[in-house]
Each structure stands twice: as structure tokens, then as C-alpha cells.
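An overview of the molecular structure
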Amino acid sequence: MKNKSLVSIYDFSKDDYIKILELAAEFEMNPTQDILKGHVIATLFFEPSTRTRLSFESAVSRLGGKVIGFSDSSSTSASKGETLRDTIRIVSNYSDLIVMRHPLEGSARLASEFASVPVVNAGDGANQHPTQTLLDMYSIKKTQGTLDNLNIFMVGDLKYGRTVHSLLMALSEFNTTFYFISPDELKMPEEYKILLDKKGLKYHEGRDFQEYVSDADIIYMTRVQQERFTDPIEYERVKNSFLLKKSMIENAKENMKVLHPLPRVNEIALDVDDTPQAYYFQQALNGVYTRQAIITSILGLK
Ligand code: CP
């Protein structure tokens, strides 16, 4: 992983995933250290974020490193017309690693080609969110004790939700059975189903999960990604497609966990928050330890 960019989850191998998760567990035991002292991490967010940016910045700060960057590109020279490639070349001179979120699919790959330091993709359009995937895997391993042979339900916006795309790719290495629950307009894109077919993995598709809920090890809820719709009428039609309520998980396995990358809008009712199945706030906390593991591995410090 040393000096490698993390643009797609497939830039790392299955062994790399396992090493990151082991290291994240070490950081969870001891999150405050000086290992990043003298290192500068740039966080370039061309799209809004709460968890990803702040957990990266918290991860760096707790390890003694410094953060530079922006959370609003309108305050940068991008607003004067500077290209992404020039911005990246410049920021490469100011930092040891660049974390970037951008609305355009492929932007993180482009950035990695022009950067002289590693680039970590913090979300590029509807494409990928690999660091979210690693923290999701950490959360799944921590709660289920394994990543192998699980029944993973993905619910909501499977078309535009980048978190489910990269999570599917990574979990396809662990003999996962997938259940895709979405309205027809937001189904999992064909390319991901073809990937599962090639690997001989099972998946089910439907509009409702109630009859299968007792099979679920993980229910991964997602927000309908309003910002990706070109037609506001279509968004209005599907925006409230799935609201998970406490009554709907009463027959679930005792150890089933509900995950959500957050932010939630109208996908999980508040009455789920107090159930033993609710894990989404802890999941967001796990992002700090996982991102500590990612940064220190790429910088060759672990
Ligand atoms: N999970 C996630 O990417 O959240 P933010 O958009 O708040 O970073």
C-alpha cells in the first residue's frame, strides 16, 4: 500500500483490506499518538461533507499531523477557472497526501495521475467511496466477527449511492450473498451485477425486504442522492421510498446490525436509534480509526 493512491477499492487487495482492518483495531485501542508528526495532509472537498472530512481531520490531528485544505471550493481559485490538474499539482507541493472529494466520476483517478503524492478518493460522484467501504468492513467485522458468508441487504438508492458500489466490490471477495432492495428507478447498475455473476455470487433483487428480513446479517440503508438527479420530478417520486422502522426489524437476527453511511434524511425512523441493531453512529466513529490506518499505511509509517 506504501505510496499507492486509493481511488477505487480495487486499488487495494483482499490482503490489504485485512491489514487495514487489523491496524484500525490497533488505532481504536490507542488513537492518540505522534506517528504523523511532521506530515501534512491536504483535504480538498469540492462537495459537502461532515463525516468524511472531519473524521479524516480528526484522524490526522490525533496522530500529531497537520491538515490543510478547504471545505468549500468557491473560496479557491477553482472559482476563477483553475483546472483540477493544476490545483492538484500545486497542492502536491504543499502536502504528503491528498484526500479529495469531487462531484465528477473519474476526478479522483485524474487527480492521482497529476499528483506527485498519493491521492485518497473521498467520493467521486456516484462512482466510489473506498474509505467508507473500509470503515463499513471494519464495522461489519467488528459486529459479526467475520466478513465471510454474510447476507448483506443494501436498501435505497443503489443506482447513485457510491458507498454501496464500492462495498459490493470489496465484499464480493468474501462469498457474500446480496439482497438489493430499491425502487425500479434506483436499481443496482448492471455492471455490478455482472461482476457478481462472474464471481458466481448470489444476489436477490426486490422492492421490499420484509419477507427476507430474518436472513439479514447487515441491513445497509442509503439516502436517495438528491444531488445526482437531473430531473427533480423523478427525485420527488422516489425520495421517500424506504423508511426503516423498529417494527420492521422485530424478526431480525439478534446480532443483525443496521448500517448507514449517513447523513440520513428519511430512511431510518428515530425509533430504530434505541434498538440494539442500530450501529450507524458507532460506524461513523469507526471512520476515525480506519482512516488512521489508511493514511499511515499509505505513508509507509505502519
Ligand atoms: N458517509 C459520508 O460520506 O458522509 P459525509 O457526506 O458527511 O462525508
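Computed from a prediction, not measured in an experiment: that's the story for all the values here. (Residues numbered from 1 in each chain as written. Predicted model: local features only at pLDDT ≥ 70, side-chain atom pairs only at ≥ 80, totals over all residues. Heavy atoms only, no water.)

As a further point, take the site of the ligand. Inspection of the region around the ligand gives Ser49, Thr50, Arg51, Thr52, Arg101, His129, Gln132, Pro261 and Leu262 as its neighbouring residues. Contact with the protein chains covers 91% of the free accessible surface of the ligand, which is 250 Å². The residue makeup of the shell around the ligand, split by class, is two nonpolar, five polar and two charged. For the shell around the ligand, the domains that each give at least three residues are domain 1 (9-128 + 287-298) and domain 2 (130-284). (Near = heavy atom within 4 Å. Areas by Shrake-Rupley, 256 points an atom, 1.4 Å probe, with all protein chains shown as cover. Nonpolar A, V, L, I, M, F, W, Y, C, P; charged D, E, K, R; others polar. Domains from an automatic or database assignment.)

Quick look at the domain arrangement of the protein now. Partitioning the protein into domains gives domain 1 (9-128 + 287-298) and domain 2 (130-284). Each of domain 1 and domain 2 has a C-alpha centre, and these two points are 25 Å apart. Each partner contributes to the interface: domain 1 provides 29 residues, whereas domain 2 provides 30 residues. Between domain 1 and domain 2 lies a buried interface of about 2,500 Å² when both sides are counted; carbon and sulfur atoms form 61% of it. On the domain 1 side of the contact with domain 2, Ile9, Tyr10 and Arg51 bury the most area, a combined 25% of that side's loss. Where domain 1 packs against domain 2, one counts two salt bridges. (Contact = heavy atoms within 4.5 Å. Buried area = accessible area lost by both parts, 1.4 Å probe. Salt bridge = Lys/Arg side-chain N within 4 Å of Asp/Glu carboxyl O.)

Most peptide bonds take the trans configuration, and most residues that are not glycine carry a negative phi. In this chain, leucine 262 is followed by proline 263 through a cis amide linkage whose omega measures 5°. Assignment of secondary structure puts proline 263 in the loop between β9 (257-259) and α9 (280-298). In this model, asparagine 175 sits at a positive phi of 55°, which is unusual for a non-glycine residue. Mapped onto the elements of the fold, asparagine 175 is located in the loop between α6 (162-171) and β6 (177-181). Residue leucine 262 is not a glycine yet carries a positive backbone phi of 65°. As for its position among the elements, leucine 262 is in the loop between β9 and α9. (Helix = DSSP H or I, 4+ residues; strand = E, 2+ residues; numbered from the N terminus.)

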